Amino acid sequence: MNERVDISDSILDPVIVDWQNIELPQTWADEINFKTRTNVGRLFRSLLKRGNGRAEIPDSFPDGILGKESLPKYLQQEFHGIPNGNYSNNITRGYISAFDASMLGKMKPVRRDIASWFNNCRRVLDLGCAGGQMAAALKNEDITDVWGLDPSPYLLKHAAKAYPKVKFVQGLAEELKFPDRRFDGITASFLFHEMPPKYIDLALDECHRVLDEGGLLAICEPSSIQFRAGWWKMFNRYGFTGIYFRWLAHHVYEPFVPAWHKQDIEQLLQRHGFEVLINRRGMPEHTVLARKCHS
């Protein structure tokens, strides 16, 4: 494995915050107290909305952290029904640990499989890294230079504590701060279905820009199978697991899922300069591997 990291790349890379030691401001979701009834009513109102609300983002952050004014509106929502969305010190930790449980443990082998596609790469970026599990799977492939990017500083702080060998930076998939051809691989796991279509287009253009010639792009998203199939079909084919994932697909607040499932992913990627190598629609996940076409 080539251990070299290009010095010119590192000079132009985004500055890495000391996530493990940074103090992030408390939000109302961190101050829920059932004994004093602090924010308990707000918690239940948030849960009853099924996440269809706006996240309250602190007015100020430590230096180097993107604040409310720098985040597009679509990110300032209570995705997945999480009180205050991805903006809390405590509840985001619970979300990270609960994700794999909610997916019935099916994502761990998927991440390992995706990571194995990049075992000949040495510079890989994980977009929408959340708690860092996909980035960690890449690092387990002995990839030298692994980065994770996410807009939530709260998720990044948890990720950096859990996986200190990965370089985590705050940022937007649609506005990457890396130089051209910086990476030879990019992964994006459960990201694009949470973005409006115009931002997906911008993000894929950015992926094309920061990938080297012939670089690989892996995408993993919720499958359209559980979103479109009826109850009986899901039970007949997948048993009670199918019933569960159909319920989950229709009861978790993810406002851009219908638009994502209308996309023809092969045509979408071809339009942005990629050729599809693998297109595997399973249940509950849909995985795709594409390669940047030569200019």
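See the structure printed just above.
Residues numbered from 1 in each chain as written. Predicted model: local features only at pLDDT ≥ 70, side-chain atom pairs only at ≥ 80, totals over all residues. Heavy atoms only, no water.

K.L.:
What am I meant to see in the side chain of Ser223 here?
P.N.:
Within the secondary structure, Ser223 sits in the loop between strand E5 (211–222) and helix H8 (225–228). On the basis of relative accessibility, which here comes to 1%, the residue Ser223 falls in the buried class. Polar contacts involving the side chain of Ser223 include one to the main-chain carbonyl oxygen of Gly282, which spans 2.7 Å. The residues contacting Ser223, other than those within four sequence positions of it, are His261, Arg281, Gly282, Met283, Pro284, Glu285 and His286. (Helix = DSSP H or I, 4+ residues; strand = E, 2+ residues; numbered from the N terminus. Buried < 20%, exposed > 50% of the residue type's maximum accessible area, 1.4 Å probe, protein only. Polar contact = N/O pair within 3.5 Å; in protein donor to acceptor, adjacent residues only side chain to side chain. Contact = heavy atoms within 4.5 Å.)

K.L.:
Looking at this structure, how should I read the sheet that holds strand E4 (residues 183–189)?
P.N.:
Strand pairing in a sheet takes place through backbone hydrogen bonds and is either antiparallel or parallel in direction. If you trace the seven strands from one edge of the open sheet to the other, you get E3-E2-E1-E4-E5-E7-E6, paired in mixed fashion. Of all the strands in the sheet, the pair left with one neighbour each is strand E3 (167–170) and strand E6 (274–281). Along the sheet, successive strands turn relative to each other by an average axial angle of 15°, direction set aside. Where strand E1 (residues 123–127) and strand E2 (residues 145–150) come together, five bridges link them in parallel fashion. (Pairing = 2+ DSSP bridges. Axes fitted to C-alpha atoms, helices over the stretch in contact; angles between N-to-C directions.)

K.L.:
What exactly am I supposed to notice about the pairing of strand E7 (residues 285–292) here?
P.N.:
Put simply, side chains in a regular strand alternate between the two faces of the sheet. Within E7, seven of the eight residues are buried, leaving the element largely enclosed by the surrounding structure. Sheet topology note: the E5/E7 ladder contains seven bridges and is antiparallel. Counterpart to Cys220 in the pairing with E7 is Thr287. Note: E6 against E7, seven bridges, orientation antiparallel. Bridge pairing links Val276 to Ala290 in E7. In this structure, the hairpin formed by E6 and E7 is closed by a connection of three residues.

K.L.:
Sorry, what's going on with the side chain of Asn89 here?
P.N.:
Note on placement: Asn89 falls in the loop between helix H2 (40–48) and helix H3 (91–102). Asn89 has contacts with Leu24, Pro25, Gln26, Asp30, Tyr154 and His158, leaving out every residue within four places of it along the chain.

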